[in-house]
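# Reading the structure
Chain by chain, the residues:
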Amino acid sequence: MSGLVLDTSLAQAFLEQGTLGQERERAGAFYRELIEAPDTAGVKGWVSCEEAAVQLDLMREKGAEIREKADVFVLVGVGGSNQAARAVVESIQPRYNGAPEILYAGNTFSPYEIGRILDATAGRSVYINVIAKNFETLEPGSHFRVLRQRMQERYTREEMARRVVLTGTYGSRLEEIAQENGYTFLSFPERIGGRYSAFSPVGLLPLAAMGLDMDAYLEGGRQMQERLRAEGGGIAAEYAAVRSLLYQKGFDIEMLVSFEPRLRWFSRWWWQLFGESEGKQKKGIFPASAIYSEDLHSIGQYMQDGRRNLIESFLTVEDPGASVRIAPDPAFGDRFDYLDGMDFAQINRAAEDATIRAHAEGGVPCIRLTTGRLDEYAFGQLYYFFMAACAVSGRLLGVDPFDQEGVEAYKRLMFRTLGKPGV
Ligand code: PA5
């Protein structure tokens, strides 16, 4: 199976000679610390895919039941608690594999949105998976209540027990709720934070429920884990080192871009990973994303010619997984005859190559990460690569990539307004 390829050569042209070697050394040292030093802070449970991926048999069994019995599968979670699974499902879910419709809840306070989800479950066979590490986050907690109440109007206690899956830490209120009600309980491992949870039951159960290949996905993660180990941090350390040096030169925004619209949700996963891991102590590269070619018609102008503080990381997919050829239509006279016989894959590639070249010439350090295909295995590779790179990158920046204290500031004010006890 093909592996991820990282090409930083265009970005290296923006760096001082000799600096990359040194920064790569620092990155390698932080990578070794990540995988070798004792986990005193309790944040490295994801570094081994094998350790993260617990309860596989239970998830296979429950996933098969959900596929067979559900019309609608509601995934309740926010931030790191749903992004990884959502990105895989939204990107590679075949249109007709017999899986239920998937709805994403627990990620907004908009009554309009929650109303839409409730409407979509009406009269249909519903299963839900609530993912909440400590079961304190307001969005999933409040949505679980309204969804649960709706379901209880239709299902007996025994039926509810079959249809509700809770994913949380052992010892949390969520585990107690599972025990009190006979719900299936899956572990959100204590030593794994939300945005690093892709290989734990947080990321896995939704894949199983949607009929995706959990084993190929885990194999992709394991393969990248082994590759990085064998290469002293390999492409993860290189990516971290290059962006660190670019940041030191004033490039403080990174755009993750792709010519595959189905990677839209993957961009959001990446956005959250780097945003929450690095934006601290008034430091950090601001993560942003775009989907081309559409967004070239909006922010393409800025990318080409705006303020030169942008890094652009292209996520290239070699095999588009589809083919649509353009048949000649000479009599019509639409003046697009130069496309006769071409496949859209060829046009998409021409657009991508031209964009990289033009933006690089326009003063944007461009990085390219290429994957052969977009499948479960590829997502496993991408997730492990970016999580390792992000952990190393945070250390290079001098911040803790595993905390997110800043997110609590708005919550404290909101809880006070809402009258939460003890705040
Ligand atoms: O990465 C993180 O730790 C966060 O984004 C969390 O995943 C998010 O805040 C949801 O947390 P919880 O699972 O506790 O509801």
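Look up a bit, the structure's there.
Everything in this summary refers to the structure shown in the same document. (Residues numbered from 1 in each chain as written. Predicted model: local features only at pLDDT ≥ 70, side-chain atom pairs only at ≥ 80, totals over all residues. Heavy atoms only, no water.)

The helix and strand inventory of the protein chain stands at 17 helices and 10 strands. Its C-alpha atoms give the protein chain a radius of gyration of 23 Å, within 12% of the compact-globule value 22 Å for 423 residues. Projected onto the principal axes, the alpha-carbon positions of the protein chain cover approximately 65 × 65 × 45 Å. Here the protein chain holds 423 residues, and the buried ones make up 51% of them. Accessible area for the protein chain stands at about 19100 Å²; split by element, carbon and sulfur atoms hold 50% of it. On the protein chain, the mean spot of the 47 positive side-chain charges and the mean spot of the 58 negative ones are 5 Å from each other. (Helix = DSSP H or I, 4+ residues; strand = E, 2+ residues; numbered from the N terminus. Rg over C-alpha atoms; globule rule 2.2 N^0.38 Å. Buried < 20%, exposed > 50% of the residue type's maximum accessible area, 1.4 Å probe, protein only. Areas by Shrake-Rupley, 256 points an atom, 1.4 Å probe, with all protein chains shown as cover. Lys, Arg positive; Asp, Glu negative; His and termini not counted. Charge placed at Lys NZ, Arg CZ, Asp CG, Glu CD.)

So, about the site of the ligand. Contacts to the ligand come from 13 residues, most closely from Ser81, Lys133, Thr137, Arg195 and Gln272. In this structure, an oxygen atom belonging to the ligand sits 2.7 Å away from a main-chain N or O atom of lysine 133. Contact with the protein chains covers 86% of the free accessible surface of the ligand, which is 390 Å². Tallied by class, residues from the shell around the ligand come to 2 nonpolar, 8 polar and 3 charged. No fewer than three residues from each of domain 1 (5-37 + 217-405) and domain 2 (49-212) sit in the shell around the ligand. (Near = heavy atom within 4 Å. Polar contact = N/O pair within 3.5 Å; in protein donor to acceptor, adjacent residues only side chain to side chain. Nonpolar A, V, L, I, M, F, W, Y, C, P; charged D, E, K, R; others polar. Domains from an automatic or database assignment.)

This part is about the packing of aromatic side chains. Summed over the entire model, instances satisfying the criterion amount to 26 aromatic pairs. Arranged with centres 6.4 Å apart and planes meeting at 40°, the rings of phenylalanine 199 and tyrosine 384 form a pair that is tilted. In this pair, phenylalanine 199 sits in the loop between strand 6 (184-187) and helix 10 (201-209) while tyrosine 384 sits in helix 16 (residues 376-397), placing the two residues 185 residues apart along the sequence. A single burial state applies to phenylalanine 199 and to tyrosine 384, both of which are buried. On the numbers, 5.6 Å between centres and 45° between planes, the contact of tyrosine 239 with phenylalanine 385 is tilted. Here the residue tyrosine 239 occupies a position in helix 12 (residues 234-248), and phenylalanine 385 occupies one in helix 16, the gap between them amounting to 146 residues. A relative accessible area of 2% means that tyrosine 239 is categorised as buried. We classify phenylalanine 385 as buried; its relative accessible area is 1%. (Phe/Tyr/Trp six-rings, centres within 6.5 Å; stacked < 30°, edge-to-face > 60°.)

Strand order across the open sheet formed by 5 strands is 3-2-4-5-6, with parallel pairing between neighbours. With one partner strand each, in any of the chains shown, strand 3 (101-105) and strand 6 form the two edges of the open sheet. Strand-to-strand, the axes of this sheet are offset by a mean angle of 20°, without reference to chain direction. Of the pairings in the sheet, the one linking strand 4 (residues 126-131) to strand 5 (residues 164-168) comprises 4 bridges and is parallel in character. By the bridge assignment, isoleucine 131 is partnered in strand 5 with threonine 167. Together, strand 4, strand 5 and strand 6 form the strand contacts of helix 9 (residues 173-181), whose direction differs from that of strand 5 by roughly 150°. Contacts from helix 10 reach strand 2 (72-76), strand 4, strand 5 and strand 6, with the element oriented near 170° to strand 2. (Pairing = 2+ DSSP bridges. Axes fitted to C-alpha atoms, helices over the stretch in contact; angles between N-to-C directions. Contact = heavy atoms within 4.5 Å.)

Residue alternation in strand 6 divides its side chains into two sets, Thr184 and Leu186 and Phe185 and Ser187, and both sets are buried. Strand direction decides the pairing type here: strand 5 and strand 6, joined by 4 bridges, are parallel. The residue of strand 6 that forms the bridge with leucine 166 is phenylalanine 185. Taken together, strand 5, helix 9 and strand 6 form a β-α-β motif whose crossover is right-handed. (Right-handed = clockwise from strand over helix to strand, strands pointing away.)

Between helix 13 (residues 264-278) and helix 16, whose axes approach to 9 Å, the crossing angle comes to 20°. By the criterion of interaxial angle, the relationship of helix 13 to helix 16 is roughly parallel. In this structure, the crossing between helix 13 and helix 16 has a hand that is right-handed. Seen from helix 13, the contacting residues are Phe266, Trp269, Trp270, Leu273, Phe274, Ser277 and Glu278; seen from helix 16, they are Phe379, Leu382, Tyr383, Phe386, Met387, Cys390, Ser393, Gly394 and Leu397. Taken together, the residues of the contact of helix 13 with helix 16 break down into 12 nonpolar, 3 polar and 1 charged. (Parallel < 35°, antiparallel > 145°, perpendicular 65-115°, else oblique. Left-handed = near helix turned anticlockwise from the far one by under 90°.)

If you walk across this open sheet you meet the 5 strands as 1-10-9-7-8, and the pairing is mixed. This sheet does not close on itself; its edge strands, each paired only once, are strand 1 (5-7) and strand 8 (286-291). Each strand of the sheet is rotated relative to its neighbour by a mean of 20°, with strand direction disregarded. Here 6 bridges tie strand 7 (residues 253-258) to strand 8, and the two strands are oriented parallel to one another. Along strand 8, the bridge assignment pairs methionine 255 with alanine 288. Along the sheet face, helix 13 touches strand 7, strand 8 and strand 9 (310-317) and points at about 175° away from the line of strand 8. The strands that helix 16 touches are strand 7, strand 9 and strand 10 (366-371); relative to strand 10, the one it contacts most, it runs at about 145°.

Here the structure, examined in full by the defined rule, presents 26 salt bridges. Between arginine 60 and aspartate 57 there is a salt bridge whose closest N-O contact spans 3.1 Å. Note that arginine 60 and aspartate 57 are positioned in helix 4 (residues 56-69) at a spacing of 3 residues, about one turn of the helix. Salt-bridge contacts for arginine 116 lead to glutamate 113; the nearest nitrogen and oxygen are separated by 3.7 Å. You can see arginine 116 and its partner glutamate 113 sitting in helix 6 (residues 111-121), 3 residues apart, about one turn around the helix. When its relative accessible area of 32% is taken as the criterion, glutamate 113 is described as partly exposed. In this structure, a network of salt bridges that share partners links the residues Asp39, Glu51 and Arg191. (Salt bridge = Lys/Arg side-chain N within 4 Å of Asp/Glu carboxyl O.)

By themselves, these are just geometric observations and shouldn't be taken as functional.
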